[in-house]
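Each chain, letter by letter, is given below.
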Amino acid sequence: MRILDKYIIKQYLISLLIMLASISLLFIIVEVVDRLPRILKYSQDTWLITQYFFYRLPYIFVLVFPVIVLLSGLFLMNSLSKFNESIAIRAAGISIFRMVLPLLLLGLVMSAVVMLFGDYVLPAAENKRAKIYYVDMRNQEIEDVKMRQNIYYSDDKFIFYLGFFDGYNNKIRVVDITQLDEEFRVVTKTQANEATWDGENWVFSSAYIRHFTQEILLDYQFYETIILEEITVTPLDFIKSAKKPMEMNFFELKEYIARLRKIGEKHHQELVELYTKVSYPLANFIILLFCVPLASASVRSKGRGMIFLLGLLICFPYLMILRISQSLGYNAVITPLTAAWFPHILFLIIGMFFVLKSEV
């Protein structure tokens, strides 16, 4: 590693740590002012309140880190330009891109770190924060939703209706299963008063199975008890998790989405959050691209201040478009994959354009 590379990285990390401490402190103050009055209604325990806000720090870190990355890069580039260091570097035959290359590589490393941090530290912290708020402060139990009614779902051949699901006793009351052929005509219709999970299969009680041809009834059978292979779901598939997507890591959320998809539940929001767990950390690399043009501005340049301001202004539209895109994905206006990746691809193209222009 060149001396220049070490110098660039060292100066950037100093700015980064200062900005991280300053902005995190600012956001935690805002968080305290906003939430403390409501928390005091349920608890005046100083230690619990301190823990509650402490476990909020990982969320604040992941949320504001792209802003911190941008501001730190802007301060560094401004310093290099102010003291003519960038001019000296270019005079030595080193391009702007080569000068900031270690910074961009550092951005990739930071993106990976934030991704791992957001997948392991953040969910654990949010779980503990939820427990402190609901269990320790409000004396409420955090439970999954195990009692549900009027459940409809389907697969390639069957349409299922479950009148009531009791997740505490693993029972279903009022079951209706309709089998369709390729032309969507009824082939068989199974109705049962109850189904009980025996650990491996659903055992149906008082079941009628009717067979049709051209939607005309052929015959029917009655069974006191019968096991049907058509239902491949388990009681766990019907249980709605009390955890929010933020409180799950990537693999937990992926498994939960598979359960929702299996019974035909809406899962657009969860799918957007799953893709965002991968895409959002890359903002920490993409946002650095907007720092590069500042390094090419001379100290007397009238546009240097405008470039600095442009860098600041670009970050907030980035985050704003990201949130708008997520909202559209939540409501199935656009696909979850598009919702998670479109803002990053858009700003990556814009950032690369700025980098290329800085070399001109």
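Residues numbered from 1 in each chain as written. Predicted model: local features only at pLDDT ≥ 70, side-chain atom pairs only at ≥ 80, totals over all residues. Heavy atoms only, no water.

Description of the nonpolar core
Now for step 1: One finds Tyr12, Val69, Met110, Met137, Leu288 and Phe290 to be the most contacted residues of the largest nonpolar core, which totals 60 residues.
Now for step 2: Counting only elements with at least two residues in this core, the list comes to helix H1 (3-40), helix H2 (46-54), helix H3 (57-82), helix H5 (96-137), helix H9 (283-286), helix H11 (304-330) and helix H12 (336-358).
Now for step 3: With 14 residues, H3 is the single largest residue contributor to this core.
Now for step 4: The residues contacting methionine 137, other than those within four sequence positions of it, are Ile39, Tyr42, Ser43, Leu48, Ile49, Tyr52 and Ile132. (Core = buried A, V, L, I, M, F, W, Y, C linked by side-chain atoms within 4.5 Å. Buried < 20%, exposed > 50% of the residue type's maximum accessible area, 1.4 Å probe, protein only. Helix = DSSP H or I, 4+ residues; strand = E, 2+ residues; numbered from the N terminus. Contact = heavy atoms within 4.5 Å.)

Thoughts on the packing of aromatic side chains
Now for step 1: Across all of its chains, the model carries 15 aromatic pairs by this definition.
Now for step 2: Seen from their ring centres, tyrosine 133 and tyrosine 134 are 5.0 Å apart, and the 80 degrees between their planes marks the pair as edge-to-face.
Now for step 3: Take tyrosine 133: its relative accessible area is 16%, and that puts it in the buried class.
Now for step 4: Ring centres of tyrosine 208 and tyrosine 220 lie 6.1 Å apart, and the angle between their planes is 45 degrees; this geometry places the pair in the tilted category. Here tyrosine 208 is found in strand S5 (residues 202-213), whereas its partner tyrosine 220 is found in strand S6 (residues 216-227), with twelve residues between them in sequence.
Now for step 5: The positively charged end of arginine 138 is found above the aromatic ring belonging to tyrosine 42, 4.3 Å away from the centroid. (Phe/Tyr/Trp six-rings, centres within 6.5 Å; stacked < 30°, edge-to-face > 60°. Lys NZ or Arg CZ within 6 Å of the ring centre and 35° of its normal.)

Regarding the pattern of salt bridges
Now for step 1: Scanning the model with the defined rule gives seven salt bridges in all.
Now for step 2: Linking glutamate 126 and arginine 129 is a salt bridge whose minimum nitrogen-to-oxygen distance equals 2.9 Å. On the criterion of helical spacing, the pair formed by glutamate 126 and arginine 129 is a turn pair, its members being three residues apart in helix H5. Accessibility classification places glutamate 126 together with arginine 129 in one group, the buried group.
Now for step 3: Aspartate 136 is the partner of lysine 131 in a salt bridge, and the nearest nitrogen-oxygen pair spans 3.6 Å.
Now for step 4: Its relative accessible area of 43% is what places lysine 131 among the partly exposed residues.
Now for step 5: Each of Glu31, Arg35, Arg56, Glu126 and Arg129 takes part in salt bridges that share partners, so that together they form one network. (Salt bridge = Lys/Arg side-chain N within 4 Å of Asp/Glu carboxyl O.)

Observations regarding the environment of isoleucine 68
Now for step 1: Looking at the element boundaries, isoleucine 68 is found in helix H3.
Now for step 2: Considering only alpha carbons, one finds isoleucine 68 and tyrosine 318, 250 residues apart in sequence, at a separation of 14 Å.
Now for step 3: Ignoring sequence-local partners within four residues, the contact set of isoleucine 68 consists of Leu16, Met19, Leu20 and Ile23.

Quick notes on the pairing of S6
Now for step 1: Pairing analysis gives ten bridges linking S5 to S6, with the strands arranged antiparallel. Across the sheet, the residue bridging to alanine 207 is tyrosine 223, located in S6.
Now for step 2: Between S5 and S6, which pair antiparallel and follow one another directly, the connecting turn spans two residues, one of which, glutamine 214, has a positive phi of 50 degrees. (Pairing = 2+ DSSP bridges.)

Some thoughts on the pairing of strand S3 (residues 171-180)
Now for step 1: Judged by how many residues are buried, S3 sits mostly within the fold: seven of ten residues are covered.
Now for step 2: Here strand S2 (residues 158-166) pairs with S3 via eight bridges, running antiparallel. The residue of S3 that forms the bridge with isoleucine 159 is threonine 178.
Now for step 3: The loop that links S2 with its antiparallel partner S3 comprises four residues; one of these, asparagine 170, has a positive phi angle of about 55 degrees.
Now for step 4: Following S3, the chain reverses through five residues before pairing antiparallel with strand S4 (residues 186-197); phenylalanine 184 in that reversal takes a positive phi of roughly 65 degrees.

As for the side chain of lysine 277
Now for step 1: Here lysine 277 shows up in helix H8 (residues 268-279).
Now for step 2: It turns out lysine 277 is buried and unbridged, and the closest side chain with the opposite charge, aspartate 119, is 4.5 Å from it.
Now for step 3: Here lysine 277 is in contact with Met115, Gly118, Asp119, Pro245, Met246, Met248, Asn249, Phe250 and Leu253, once residues within four sequence places are set aside. (Lys, Arg positive; Asp, Glu negative; His and termini not counted.)

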